[in-house]
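A look at the structure
Given next are the chains, with one letter for each unit.
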Amino acid sequence: MGCAPLLPFNPCCLCSSGFNLFCSCVNSPHSLSSLNLEGVTQYLSKLEHRQKKREVKIVVMAGAGISVSAGVPDFRSMSTGIYQNKMDKYSLPTPQHMFDIDYFISDQAPFYDFVKTELYPKPTTLPTVFHHFMNLLQEKQMLSRVYTQNIDMLERLAGINQEAICEVHGTLSTSSCANCKKQCDGYSTMKRIRKGEKPKCEKCGGPQKPDIVFFGEKMPRKVQEQMKLNMPDLKKCDLLIVAGTSLAVQPFASFIDAVPRSTPRIFINRDSDGSGRKGDYDDAGGQHLWGKCGNYRDVLLRGDCDKIVTQICREMDWLNELQNKIKTFADNHKKKGGANVEEKLFPSLKGERRSSKQPWRAIGSSTSKDRLDARRNSSGKLKKSESERSVTRNGSISPSHRRKLSKSNSNSSLTSVGSAAVHP
Ligand code: OAD
Ligand code: ZN
């Protein structure tokens, strides 16, 4: 059944105060001319033009799908996702228990094995076209923030400013004790896990764990701060790009509700249209208007995210810039023989390598790194982590915070596509 057209005397879908036909905000410069790629590129052209006079803020919300072409599988894709394909050998109660803090404290073996075999960044895992596209937006001074659920750190590798990246589910680059939270060196923890050891906290003997956020853990400090401030960058954003995520995990999924009603939202996804999404929490938020009556701002661009942003760049006349960016990255990477990869991912490693004048070694080689680790542990100087946490991820977003997030955005014509959940 098709959608009814927007009726002129219905309350304005942007501000609810006037009528659709007469409300001044209907002609807001934010409006999309059409809900497809053409409408998106026309709107982006307006933003690019506007950027010459005043600031433009594009926010990207990313999920595992943006790294699939780098060889990192996503979680929920039926034939290829981690939850269906990589968990059988561990005999976990559910696949999600791999990332459950209580389970980890009782038994570290499955997660440590998973780090060894799957999670440790491989030298061959490099930023995708989509990552370079975000970098291009940054270069054009149009990118204000990337919220990523990914822990592969490819945003960092692609050269996006650390300040602009918000790693909502934490990072592998730092580590701490799962029991007392004492910080330990990220690289050293990862290295010991890869050697088959079970690294323990110096202070309490608890298990060390990379600072990726497990179900039941608090969110990284940077995310908490944004949430406490009511997501200021989302509130001011001119365009939201949501790519390669099933929006199945909270509070991330709810962030899409925080942008102003007039802000267009683009959803780039290969398979999902969101309608099959089902989770444990009915009020989980993260509503969109694809295919719904009254939709005026949500565009679903279904397909491979690399191909879609390439097409956007072609339409925008940015294709050369994107290709140059990709080529420059590849040339630099080749020149340095991959030397920059681990150092970018594990900042503490850089100084150590410089002082020891050790050349980069392929992952898996050991001797020089052993000596470096021994020195690092004895120095006791550890970088302060981003992952000091206070907002819990399990149980997701509090009702009061949800009300705040969607206060000026709630609209009775928005139809929930089903609940999102912490454990879908
Ligand atoms: P999911 O696996 O839930 O969703 C990835 C989405 O990307 C799916 O809807 C795919 O259809 C889509 N996709 C896959 N490849 C794509 C491509 N090349 N182009 C466009 N879309 C593509 O991953 P997330 O939504 O990121 O948390 O999952 C969120 C969280 O769930 C993760 O951070 C993880 C997991 O539990 C942890 O606890 C580690
Ligand atoms: Zn401890």
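Residues numbered from 1 in each chain as written. Chains lettered and ligands numbered in written order. Predicted model: local features only at pLDDT ≥ 70, side-chain atom pairs only at ≥ 80, totals over all residues. Heavy atoms only, no water.

1. Notes on the coordination of the zinc ion (ligand 2)
We apply this condition: The donor definition counts N, O and S atoms within 2.8 Å of each metal and applies 3.2 Å to Na, K and Ca; water is not among these atoms, so some sites may look incomplete. Every angle between 85 and 135 degrees makes a four-donor site tetrahedral, while opposite donors more than 155 degrees apart, with all other angles between 65 and 115, make a four-donor site square planar and a six-donor site octahedral; other sites are irregular. Per-residue accessibility, obtained with a 1.4 Å probe over protein chains only, is compared with the maximum for each type, and a residue is labelled buried under 20%, exposed over 50%, and partly exposed between these values.
Taken together, Cys177 (SG), Cys180 (SG), Cys201 (SG) and Cys204 (SG) make up the full set of protein donors to the zinc ion (ligand 2), lying 2.2 to 2.4 Å away. Around the zinc ion (ligand 2), the four donor atoms sit at angles spanning 99 to 118°, and that spread fits a shape best called tetrahedral. For Cys180, a relative accessible area of 27% corresponds to the partly exposed category. The partly exposed category is assigned to Cys204, whose relative accessible area is 36%.

2. Concerning the sheet that holds strand S4 (residues 170-177)
The line we're drawing: By this definition, two strands are paired if DSSP reports at least two bridges between them. Where helices and strands are cited, they refer to DSSP runs of H or I of at least four residues and of E of at least two residues respectively, numbered from the N terminus. Contact definition: two residues touch when any of their heavy atoms are within 4.5 Å. Only the stretch in contact is used when a helix axis is fitted, and all axes are lines through C-alpha atoms; the angle between N-to-C directions ranges over 0 to 180 degrees.
Strand order across the open sheet formed by three strands is S5-S4-S6, with antiparallel pairing between neighbours. Edge positions in the sheet fall to strand S5 (183-184) and strand S6 (208-212), since each has one partner strand and no second. As judged from the four bridges shared by S4 and S6, these two strands associate in the antiparallel manner. Across the sheet, the residue bridging to Ser176 is Lys209, located in S6. In this fold helix H7 (residues 186-194) packs onto S4, S5 and S6, with an angle of close to 85° to the strand it touches most, S4.

3. Things to note about the UniProt feature "binding site: Zn(2+)" (unreviewed entry) in the protein chain
The condition is simple: UniProt positions are given in the numbering used here, feature names are shortened, and annotations may be inferred rather than shown by experiment.
What UniProt calls "binding site: Zn(2+)" (unreviewed entry) maps, in this numbering, to Cys177, Cys180, Cys201 and Cys204. In three dimensions, the annotated residues from a span of 28 residues occupy one location, with a maximal C-alpha spread of 8.4 Å. With sequence-adjacent residues up to four places away left out, Cys177 is seen in contact with Lys182, Cys184, Cys201, Cys204, Gly206, Pro207 and Gln208. For Cys201, the location among the structural elements is in the loop between H7 and S6. Assessed through its relative accessible area of 8%, Cys201 is described here as buried. In this view, Cys201 contacts Cys177, Cys180, Lys182, Gly206 and Gln208; residues no more than four positions away in its chain are not counted.

4. Comments concerning the sheet that holds strand S2 (residues 143-148)
In a beta sheet, neighbouring strands pair by backbone hydrogen bonds and run either parallel or antiparallel. Strand order across the open sheet formed by six strands is S3-S2-S1-S7-S8-S9, with parallel pairing between neighbours. A strand with exactly one partner marks an edge of an open sheet, and here the two such strands are strand S3 (165-167) and strand S9 (298-302). For this sheet, the mean angle separating the axes of adjacent strands, direction not counted, is 15°. Strands in contact with helix H8 (residues 221-228) are S2 and S3; relative to S3, the strand with the most contacts, it is inclined by about 105°.

5. Considering unusual backbone geometry
Most of the time, phi is negative for any residue but glycine, and the peptide bond is trans. Each neighbour pair has its own omega, and for Gln250 with Pro251 the value is 0°, a cis peptide bond. At Lys181, a residue that is not glycine, the phi angle is positive and equals roughly 75°. In this fold, Lys181 is placed in the loop between S4 and S5. For Asp317, which is not glycine, the phi torsion reads 65° and is therefore positive.

6. Section: the site of ligand 1
Heads up, the rule is: Note on terminology: near, applied to a residue and a molecule or strand, indicates that one of the residue's heavy atoms is within 4 Å of it. As used in this structure description, the phrase polar contact means that two N or O atoms lie within 3.5 Å; if the pair is within protein, one of them must be able to donate a hydrogen and the other to accept it, and residues adjacent in sequence are counted only when both atoms belong to side chains. Each accessible area is a Shrake-Rupley estimate made with a 1.4 Å probe; only the visible protein chains count as cover when residues are assessed. Residues are sorted three ways: Asp, Glu, Lys and Arg are charged, Ala, Val, Leu, Ile, Met, Phe, Trp, Tyr, Cys and Pro are nonpolar, and all the rest, Gly among them, are polar.
Residues in close proximity to ligand 1 total 25 residues, the closest being Phe75, Arg76, Tyr83, Thr245 and Ser246. In this structure, Phe75 approaches ligand 1 through a main-chain N or O atom, which is 2.7 Å from an oxygen atom. Measuring from an oxygen atom of ligand 1, one finds a side-chain N or O atom of Asp271 at 2.8 Å. The fraction of the free accessible surface of ligand 1 (790 Å²) that becomes covered by protein chains is 97%. Taken together, the residues of the shell around ligand 1 break down into eight nonpolar, 11 polar and six charged.

7. Describing the pairing of strand S1 (residues 58-62)
Counting buried residues along S1, five of its five residues qualify, which places the element largely inside the surrounding structure. Residues Ile58, Val60 and Ala62 of S1 are buried on one face, and the alternating residues Val59 and Met61, pointing to the opposite face, are buried as well. As paired elements, S1 and S2 share five bridges and run parallel to each other. Opposite Ala62, over in S2, you have Thr148 as the bridge partner.

8. Things to note about the environment of Gln311
For Gln311, the location among the structural elements is in helix H10 (residues 305-316). Gln311 sits 274 residues away from Leu37 along the chain, and the two C-alpha atoms are 8.7 Å apart.

9. Regarding the nonpolar core
Which entries qualify depends on this criterion: Nonpolar cores were defined as sets of buried Ala, Val, Leu, Ile, Met, Phe, Trp, Tyr and Cys residues, with membership established by side-chain atoms within 4.5 Å.
Among the nonpolar cores identified, the biggest contains 38 residues, and Phe130, Ile241 and Ile268 are the most heavily contacted of them. Broken down by element, this core gets its largest block of residues, six residues, from H10. Not counting chain neighbours up to four residues away, the residues in contact with Ile241 comprise Ile58, Val59, Val60, Met61, Phe130, Phe133, Leu137, Ile266 and Ile268. Tyr112, Phe215, Val341 and Leu345 belong to the second-largest nonpolar core, a separate cluster that totals 32 residues.

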